Amino acid sequence: MFDPHSSSIHALHERTLKLTVALYRVTDYFPKAEILRNDLRAKANEIFEQVTEYDSAEGLENGATSLIPKIRTIKGYLAIASTLNYVKPLNFVILEKEYGVIADFLED
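Computed from a predicted structure; not experimentally measured.

Asker: Whenever I open this one, the nonpolar core confuses me. Can you help?
Answerer: In a soluble, globular protein the nonpolar side chains are often hidden away together inside. With 26 residues, the main nonpolar core has Leu 23, Leu 40, Tyr 99 and Leu 106 as its most contacted residues. Elements that contribute at least two residues to this core include exactly helix 1 (9-27), helix 2 (35-53), helix 3 (57-81) and helix 4 (89-107). Every residue in contact with Leu 23, bar those within four places of it in the chain, is listed here: Leu 40, Arg 41, Ala 44, Ile 74, Leu 78, Leu 95 and Tyr 99.

Printed below as a string of structure tokens:
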């Protein structure tokens, strides 16, 4: 399990992978033409890509400054998506919380 206070890069990679897959599953319920569906997936992919590119804590620390704004953006997209009634709001609460955990880890 991911410990927000752990320095385990592997655990962060795994958490980000699972979070990205979860976001894809939730957005599968959006209409295919919904632009927000694609925007959420694109931003999740950017975050996943950037996290998985780091192979050391030092590299992650250096890249954290560019990840935090991406996480803020995806959380904003999730707030918008939660108003569209495509899926239960709890899904967005969980996704937003999980992205917050990653942001908190990066900011520590």
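Asker: Just to check I follow, could you spell out the packing of helix 1 against helix 2 for this structure?
Answerer: The description of two helices packed together rests on the angle between their axes and the distance between the axes. In contact at an axis separation of 10 Å, helix 1 and helix 2 are set at 170 degrees when each is read in the N-to-C sense. With respect to helix 2, the element helix 1 is oriented roughly antiparallel. Residues Leu 12, His 13, Thr 16, Leu 17, Thr 20, Leu 23, Tyr 24 and Thr 27 of helix 1 form the contact with helix 2, whose participating residues are Arg 37, Leu 40, Arg 41, Ala 44, Asn 45, Ile 47, Phe 48, Val 51 and Thr 52.

Asker: I would appreciate a short explanation of the side chain of Arg 41 in the present structure.
Answerer: One can find Arg 41 in helix 2. In this structure Arg 41 comes out as buried when scored by relative accessible area, which is 13%. Non-local contacts of Arg 41, meaning those with residues more than four positions away in its chain, are made with Leu 23, Tyr 24, Thr 27 and Asp 28.

Asker: Could you clarify how one ought to interpret helix 2 in this entry?
Answerer: Note: α-helices contain 3.6 residues per turn, so residues at a spacing of three or four share the same orientation. With 19 residues, helix 2 extends 27 Å between its outermost C-alpha atoms, agreeing within 8% with the 27 Å of an ideal straight helix rising 1.5 Å per residue. Every buried residue of helix 2 is accounted for by Leu 36, Arg 37, Leu 40, Arg 41, Lys 43, Ala 44, Ile 47, Gln 50 and Val 51. A distance of 3.2 Å separates the backbone nitrogen of Leu 36 from a side-chain oxygen at the start of helix 2, and that oxygen is part of Glu 34.

Asker: What exactly am I supposed to notice about the environment of Ala 81 here?
Answerer: As for its placement among the helices and strands, Ala 81 is situated in helix 3. On the basis of relative accessible area, Ala 81 is assigned to the buried category, the value being 0%. Separated by 11 residues in the primary sequence, Ala 81 and Phe 92 have C-alpha atoms spaced 7.7 Å apart.

Asker: How do you make sense of the packing of helix 1 against helix 4 when you look at a structure like this?
Answerer: Closest axis-to-axis distance for the helix 1/helix 4 pair is 11 Å, and the angle between their directions is 155 degrees. What the angle tells us is that helix 1 and helix 4 run roughly antiparallel. Note on packing geometry: the crossing formed by helix 1 with helix 4 is left-handed. Contact residues: helix 1 offers Leu 12, Arg 15, Thr 16, Leu 19, Thr 20, Ala 22, Leu 23 and Val 26, while helix 4 offers Asn 91, Phe 92, Leu 95, Glu 98, Tyr 99, Val 101, Ile 102, Phe 105 and Leu 106. Grouping the constituent residues of the contact of helix 1 with helix 4 by class yields 12 nonpolar, three polar and two charged.

What counts and how
- Residues numbered from 1 in each chain as written.
- Predicted model: local features only at pLDDT ≥ 70, side-chain atom pairs only at ≥ 80, totals over all residues.
- Heavy atoms only, no water.
- Core = buried A, V, L, I, M, F, W, Y, C linked by side-chain atoms within 4.5 Å.
- Buried < 20%, exposed > 50% of the residue type's maximum accessible area, 1.4 Å probe, protein only.
- Helix = DSSP H or I, 4+ residues; strand = E, 2+ residues; numbered from the N terminus.
- Contact = heavy atoms within 4.5 Å.
- Axes fitted to C-alpha atoms, helices over the stretch in contact; angles between N-to-C directions.
- Parallel < 35°, antiparallel > 145°, perpendicular 65-115°, else oblique.
- Expected span 1.5 Å × (residues − 1).
- Polar contact = N/O pair within 3.5 Å; in protein donor to acceptor, adjacent residues only side chain to side chain.
- Left-handed = near helix turned anticlockwise from the far one by under 90°.
- Nonpolar A, V, L, I, M, F, W, Y, C, P; charged D, E, K, R; others polar.

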